Amino acid sequence: MTRHRGLTEQAADAAIDSACRLLRLPTIRGQFSDLAEAAARDQQTYRGFLAELLMAECDDRARRRSERRIKAAAFPRDKSLRVFDFDANPHVDPAVVHTLAKCDWVRKGLPLCLIGDSGTGKSHLLIALGTEAAMAGFRVRYVLATKLVNELVEAADEKVLAKTIARYGRVDLLCIDELGYMELDKRGAELLFQVLTEREEKASVAIASNEAFSGWTKTFTDPRLCAAIVDRLTFGGNIIETGTDSYRLAQTRARTEQSARTQA
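Described below are features of the structure shown in this document. Computed from a predicted structure; not experimentally measured. (Residues numbered from 1 in each chain as written. Predicted model: local features only at pLDDT ≥ 70, side-chain atom pairs only at ≥ 80, totals over all residues. Heavy atoms only, no water.)

Here we look at the packing of helix 2 (residues 26–42) against helix 3 (residues 46–73)
It is the contact of helix 2 with helix 3, at a shortest axis distance of 10 Å, that shows an interaxial angle of 145°. Handedness of the helix 2/helix 3 crossing: right-handed. Contact residues: P26, T27, I28, Q31, F32, L35, A36 and A39 in helix 2; F49, E52, L53, L54, A56, E57, D60 and R64 in helix 3. Among the residues making up the contact of helix 2 with helix 3, the classes are represented as ten nonpolar, two polar and four charged. (Axes fitted to C-alpha atoms, helices over the stretch in contact; angles between N-to-C directions. Helix = DSSP H or I, 4+ residues; strand = E, 2+ residues; numbered from the N terminus. Left-handed = near helix turned anticlockwise from the far one by under 90°. Contact = heavy atoms within 4.5 Å. Nonpolar A, V, L, I, M, F, W, Y, C, P; charged D, E, K, R; others polar.)

Printed below as a string of structure tokens:
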């Protein structure tokens with residue numbers, strides 16, 4: 001190994017920059033100068049300085065991987081547990097949600113059902129828990145129920161259904177939102193059932209629905225198929241009921257009343 005002695009500071013910086021480009025170490029390349037100055041001030045050992053550099057690179061790579069997984073999940077908007085208002089929805093137990101955020105249920109391939117009326121935080125929790133899973137290293141995919149069914153129908157018509165089902169089967173967590181908003185014909189329901197069967201006891205499915213399970217016959221009109229789908233989505237899993245009181249509506253009313261008082 002060739003050792004380069006007697007390099008000037010300028011030559012050393014150029015060599016480090018070149019080596020970082022070659023070895024694909026963008027974080028070290030970007031932070032080396034600041035970390036070197038801090039190390040000199042703090043009289044760090046060579047080993048300590050090297051550890052700081054490598055940890056900075058590892059941390060930044062982990063952050064970028066998380067960002068890529070979150071982007072690949074195709075969430076429609078950013079939602080986090082930090083901004084979920086548990087006080088506004090007493091039906092939701094913070095301890096249960098924060099336990100789910102540890103993602104053991106995803107690791108075990110268990111389902112999650114979020115049931116409640118519009119405006120009660122179902123989609124927020126679905127996206128937030130999906131984001132936590134992506135940050136924990138799991139492959140996640142978010143999709144609206146109607147969009148998923150339409151995609152499956154098109155795939156069946158184009159003779160690529162098996163490929164499409166396999167693609168949805170590869171993710172660690174499939175988040176299906178707005179299940180129950182629209183009635184599905186028998187064909188669409190059967191195709192959705194195939195996706196759930198592909199993932200059963202192997203990978204997690206999380207759904208958000210505005211209908212209690214007793215009302216799912218309006219979405220899945222075949223009683224046997226409806227019962228089978230409910231079984232796939234509840235066996236061994238977690239069920240969170242977010243209630244019927246829309247806190248979005250409550251917040252809108254509160255803002256309107258506050259505005260009226262201010263104008264008065």
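Structural notes on the pattern of salt bridges
Summed over the entire model, instances satisfying the criterion amount to 15 salt bridges. A salt bridge links E57 to R61, with the nearest nitrogen and oxygen atoms 3.3 Å apart. Within this pair, E57 and its partner R61 are both found in helix 3, separated by four residues, close to a single helical turn. We classify R61 as partly exposed; its relative accessible area is 31%. Between E151 and R167 there is a salt bridge; the shortest N-O distance is 2.7 Å. A residue pair is termed long-range when its members are at least 10 positions apart, and E151 in helix 7 (residues 145–157) and R167 in helix 8 (residues 161–170) qualify at 16 residues. By relative accessible area, which is 22% here, E151 ends up partly exposed. (Salt bridge = Lys/Arg side-chain N within 4 Å of Asp/Glu carboxyl O. Buried < 20%, exposed > 50% of the residue type's maximum accessible area, 1.4 Å probe, protein only.)

Here we look at the packing of helix 7 against helix 9 (residues 186–199)
Between helix 7 and helix 9, the least distance of the axes is 9 Å, while the angle of their chain directions is 95°. With respect to helix 9, the element helix 7 is oriented roughly perpendicular. From helix 7, L148, V149, L152, V153, A156 and D157 reach across to helix 9, where they touch R187, G188, L191, L192 and V195. Split into classes, the residues belonging to the contact of helix 7 with helix 9 amount to eight nonpolar, one polar and two charged. (Parallel < 35°, antiparallel > 145°, perpendicular 65-115°, else oblique.)

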